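Residue strings, one per chain:
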Amino acid sequence: MQPLGYSIEQTSLPAQPLNLPDTSSKITVVASDVVKNLLDRVKISILDFTGKSSIALSSVGLAASLGMLLASMDDKDKKAMILGIPVEALTDELETEIHKKLGQLSVNHAYVKHPDQKQAISCTNFIATKDATRDKQFEKRLSECYQTEKLECHVSPVSCVADVTETYINEKSNGKINSLFDGYSEAQRHEITAAIVNAMSFDFQGIWETSASSDKITTGNFICTTEIDLKKVKMMSTTDNFPIADNGQFIAIAKELKSINGENLRLVAIKPRVESTSAITFLDSETIDHLIKRLNDNKMTLNVKLPKINMETCENQLFKRIHQACEINTLVAGDLSKLGEQADQNLNMIQKITVTVDEQDACNPVTNTEKTTVKDDPETPDFEFLCPGYIGIVDSEGNRLLDLVIKDDRFLETVENPDSDDLMFDSFDDSDSDDDLTPKRNYTFDARWYAVQKSANNIKNIEDAIETRINEFLSNPLRYGDMTILIQHRFNQDEELEIINARVKCLPEIDIDVVSLDDAKKLKKRILELIGEEYEDLLRLEDFIEYFRVEVQSNAWDALLKKLTASKS
């Protein structure tokens, strides 16, 4: 029985693989390139790494939305403009192949009919209009390429297109999604005459490839982009051998997920090498893709803490975003001629996304998670996602199925009514201290990594890392980053000093933190022996109570940098 308010124009789906024309490998390659370029342009418009708020985007849903938009158009010139190709290149054969590529992933992840059936990624596409259309070829393409349902809404004074679409999506998603027009007034809802909708659910509960026990659920203090908000959030913690990659500024790891329905998926987390609220602004899609490709090169045993994610978000300005990204002078509802819309009518393109990422299975929830403390191996480097960064779901071919740019706690599970003292000091908890209020010395990832490699006498690994750091630093126009490995290797071969970290600021200066005043004095002496006593006034010692800092400033840092990178100058 159909929900009240609409009927579905039925187009039978083929029982066999899609009955679309065979295409040459050349056309297939061209279509793949066109689709990738299109998705990249629109994603750049949506994924704002410079803003203050968290953003979610599914490339699966975006591809389907773009495909349904193109399929609804007759104007070949505007279709070519959206695709970014010359109009004469848009042959019927190429257009068919483009639709196959755009709809490929959403067809593979359609919502299951039975709510008890496990599925990690679920997708549905539909078009709702108040006017009936009878273009069978159009409806056939939507059905075959995107499994799109077409709703003909029976609008009345008490029911509108918005009501009908929300009734439908609630049933289709087995109750997981029940709203699409958040923030719309009743008057605005009644103004909507058509909607192109993609809805996605990502449900990763209890499906880690190697799951941790419940005592590995802990909490952490997440620093938001605003720099004034510190949110206590629930974290998943585990020690394992992780694929890892870095580019000097960002570190990426991957967590394998269990295969469900033949899906081989990874959760990818990317965070700044040095904890920062603003470094995320330097991240972009190209860097993300580069790091994802490099994740197959190396593995490392890490203590990892990732936030639990429980979110629901709706992008209802896709039509506007596509308009901006494709640089089309005019794109109005009337251009979607196969929907029968007039130019001045109100068309909405919507992507609705719900995401759950939780190491514990939904049927075995963990209670009192905020009271659990995890003791990490002090000899194992940490990867803690406690500042703005990126989390994504990636398939076996490296396709980014879900992008989450996390800048605040909107997508995270926060702890209700946290104790104020816990909130202030939890992220500085030192397991070796009897004093709960002792700040933790901020050992960077490189400091922990170097200690592990040094103790194992992995000199080749250290030398390779130094080579990489120098290349990355010299190629970075801002000249900032973590230089801990270089400083350790150059000035602490005898392991007399305990160096916490060495960071280069945007200003011409490097800050080197050590545990004691005696270490700071020894380090200052060793640096001056290398660069010359004439720079003594440019090396300052500072006392931060729990650690001491050697600041190498201005011309002294220039001289030190030349010595550290002499082989590359």
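Before any of the text, the structure's been laid out above.
## Some words on the pairing of strand β3 (residues 121–129)
β3 sits mainly inside the fold: nine of its nine residues count as buried. What you see with β3 is no split at all: Ile121, Cys123, Asn125, Ile127 and Thr129 on one side and Ser122, Thr124, Phe126 and Ala128 on the other are buried throughout. Looking at chain direction, β3 and strand β5 (residues 192–205) are connected through nine bridges and run antiparallel. In the sheet register, threonine 124 faces β5, and the bridge partner there is alanine 199. As paired strands, β3 and strand β4 (residues 149–153) are joined by four bridges and run parallel to one another. Looking across to β4, one finds that threonine 129 is bridged to glutamate 152.

## Observations concerning the pattern of salt bridges
Taken as a whole, this structure holds 28 salt bridges when the rule is applied. Glutamate 95 is paired through a salt bridge with lysine 79; the nearest N and O atoms lie 2.8 Å apart. One end of the pair, glutamate 95, is in helix α4 (residues 92–108); the other, lysine 79, is in helix α3 (residues 76–83), and 16 residues separate them in sequence. For the salt bridge of glutamate 144 with lysine 140, the shortest nitrogen-to-oxygen distance reads 2.7 Å. Residue glutamate 144 and its partner lysine 140 are located together in helix α5 (residues 136–146), separated by four residues, close to a single helical turn. The buried category is assigned to glutamate 144, whose relative accessible area is 7%.

## A few points about unusual backbone geometry
Backbone geometry at glutamate 495 places phi at a positive 60 degrees, although glycine is not the residue there. Secondary-structure assignment places glutamate 495 in the loop between α13 (484–491) and β17 (499–504). Despite not being glycine, serine 554 has its phi angle at roughly 50 degrees, a positive value. Tracing the backbone shows serine 554 in helix α15 (residues 554–564). Given the relative accessible area of 33%, serine 554 is considered partly exposed.

## Side note on the nonpolar core
One finds Ile309, Ile510, Ile512, Ile527, Val552 and Trp557 to be the most contacted residues of the largest nonpolar core, which totals 75 residues. Considering every element that reaches this core, the biggest residue donor is α15, with six residues. Residues contacting isoleucine 512, with those up to four places away along its chain left out, are Ile487, Ile499, Asn501, Ala502, Leu523, Ile527, Phe548, Arg549, Val550 and Val552. Formed by 60 residues, the second largest nonpolar core is a distinct cluster that contains Phe49, Leu66, Leu90 and Tyr146.

## Remarks on the environment of leucine 295
Note that leucine 295 resides in the loop between α8 (285–294) and β10 (299–307). Residue leucine 295 is classed as buried on the basis of its relative accessible area, which comes to 2%. Here the alpha-carbon distance between leucine 295 and phenylalanine 242, two residues 53 residues apart in the chain, equals 9.0 Å. Beyond its immediate stretch of four places on either side in the chain, leucine 295 contacts Pro243, Ile244, Ala245, Ala252, Ile253, Ala254, Arg266 and Val268.

The rules behind each value
Throughout, residues of each chain are indexed from 1 in the direction in which the sequence is written. For a predicted model such as this one, the threshold for reporting local features is a pLDDT of at least 70, and the threshold for listing and counting side-chain atom pairs is 80 or more; totals across whole chains, interfaces and linings nevertheless cover every residue. Only heavy atoms go into the side-chain values, all of them from the structure, while hydrogens and water stay out. Only protein chains enter the accessibility calculation, which uses a 1.4 Å probe. A residue is then buried if its area is under 20% of the maximum for its type, exposed if over 50%, and partly exposed in between. Segments assigned H or I by DSSP are reported as helices when at least four residues long, segments assigned E as strands when at least two residues long, and all are numbered from the N terminus. Pairs of strands are assigned from DSSP output, requiring at least two bridges between the strands. Between Lys or Arg on one side and Asp or Glu on the other, a salt bridge is scored when a side-chain nitrogen of the former is within 4 Å of a carboxyl oxygen of the latter. For this analysis, a nonpolar core means a set of buried residues of the types Ala, Val, Leu, Ile, Met, Phe, Trp, Tyr and Cys, connected via side-chain atoms within 4.5 Å. In what follows, a contact means two residues having at least one pair of non-hydrogen atoms within 4.5 Å.

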